[in-house]
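Here's the letter readout for the chains.
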Amino acid sequence: MFNAVVDNPRLLLPKYWLTWIGYWLLCLLMLLPHSVRMAFGRSLGRLAFSVAKSRRIVVKMNLELCFPELENAERDKLAIDVFESGGMGIIETAISWIGGDGPIQHTAELVGLENLQQAQAKGNGVIMLGSHMSTLDLAG
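Residues numbered from 1 in each chain as written. Predicted model: local features only at pLDDT ≥ 70, side-chain atom pairs only at ≥ 80, totals over all residues. Heavy atoms only, no water.

### What to know about the overall build of the protein
Check the secondary structure of the protein and you find eight helices and zero strands. When the helices and strands of the protein are placed in sequence order, the string is α-α-α-α-α-α-α-α. Taking all 140 residues of the protein together, 20% fall into the buried category. Of the accessible surface of the protein, which amounts to about 10500 Å², a share of 63% is contributed by carbon and sulfur atoms. (Helix = DSSP H or I, 4+ residues; strand = E, 2+ residues; numbered from the N terminus. Buried < 20%, exposed > 50% of the residue type's maximum accessible area, 1.4 Å probe, protein only. Areas by Shrake-Rupley, 256 points an atom, 1.4 Å probe, with all protein chains shown as cover.)

What follows is the structure in structure tokens.
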């Protein structure tokens, strides 16, 4: 991060101060336990649910189309869950960008690495398949 400032001192101009404040708040958030970070992410999602009216309307409409059999209250709960998941995804992305390997090592388990290594040792190609979720940045 500091190399970017050395290469481009204009990043210190006042128009970027809010971005820097956000960056440093995320750095402080990395010092907290994972459960606290995720609670913060859920709260961030609930805040977004409250203020992002157009996004809330889209989510509710999509849920109504996908789950017409559910009652409105059930779909409303799902809509809040969608926003909470998005808020947690933002925090998980920040963890992958700022936190390095430390914060996630206890949350993930690598299984089957020996299969990949054996295939590579034989000179075989390997196709790796993963799912697309908000935590996609963690895979990188």
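### Some details on the nonpolar core
In this structure, Leu29, Met30, Met38, Ile91, Ala94 and Ile95 together form the largest nonpolar core, which totals six residues. No other element matches the three residues that helix H5 (residues 72–99) contributes to this core. Setting aside residues no more than four positions away along its own chain, Met38 makes contact with Met88, Ile91, Glu92 and Ile95. Formed by five residues, the second largest nonpolar core is a distinct cluster that contains Phe49, Val59, Ala79 and Phe83. (Core = buried A, V, L, I, M, F, W, Y, C linked by side-chain atoms within 4.5 Å. Contact = heavy atoms within 4.5 Å.)

### Here's the deal with the packing of helix H4 (residues 53–66) against H5
Between H4 and H5, the least distance of the axes is 10 Å, while the angle of their chain directions is 125°. It follows that H4 is oblique to H5 by the angle criterion. Crossing of H4 against H5: the hand is right-handed. Where H4 abuts H5, its residues Arg55, Arg56, Val59, Lys60, Leu63 and Glu64 lie against Arg75, Asp76, Leu78, Ala79, Val82 and Phe83. Considering only residue class, the contact of H4 with H5 consists of six nonpolar, no polar and six charged. (Axes fitted to C-alpha atoms, helices over the stretch in contact; angles between N-to-C directions. Parallel < 35°, antiparallel > 145°, perpendicular 65-115°, else oblique. Left-handed = near helix turned anticlockwise from the far one by under 90°. Nonpolar A, V, L, I, M, F, W, Y, C, P; charged D, E, K, R; others polar.)

### A closer look at the pattern of salt bridges
Oppositely charged side chains may form a pair once their charged atoms are brought near each other. This model, assessed by the stated rule, comprises three salt bridges. Asp76 serves as the salt-bridge partner of Lys60, at 3.4 Å between the closest nitrogen and oxygen. Here Lys60, found in helix H4, pairs with Asp76, found in helix H5; they are 16 residues apart in sequence, far enough to count as distant. Relative accessible area serves as the criterion here: at 32%, Lys60 is assigned to the partly exposed category. Residue classification places Asp76 among the partly exposed residues on the basis of a relative accessible area of 31%. (Salt bridge = Lys/Arg side-chain N within 4 Å of Asp/Glu carboxyl O.)

### Here's the deal with the environment of Val58
Residue position: Val58 is located in helix H4. The class of Val58 is partly exposed, set by a relative accessible area of 31%. Distance from Val58 to Ala79, taken between C-alpha atoms, is 9.8 Å for residues 21 residues apart in sequence.

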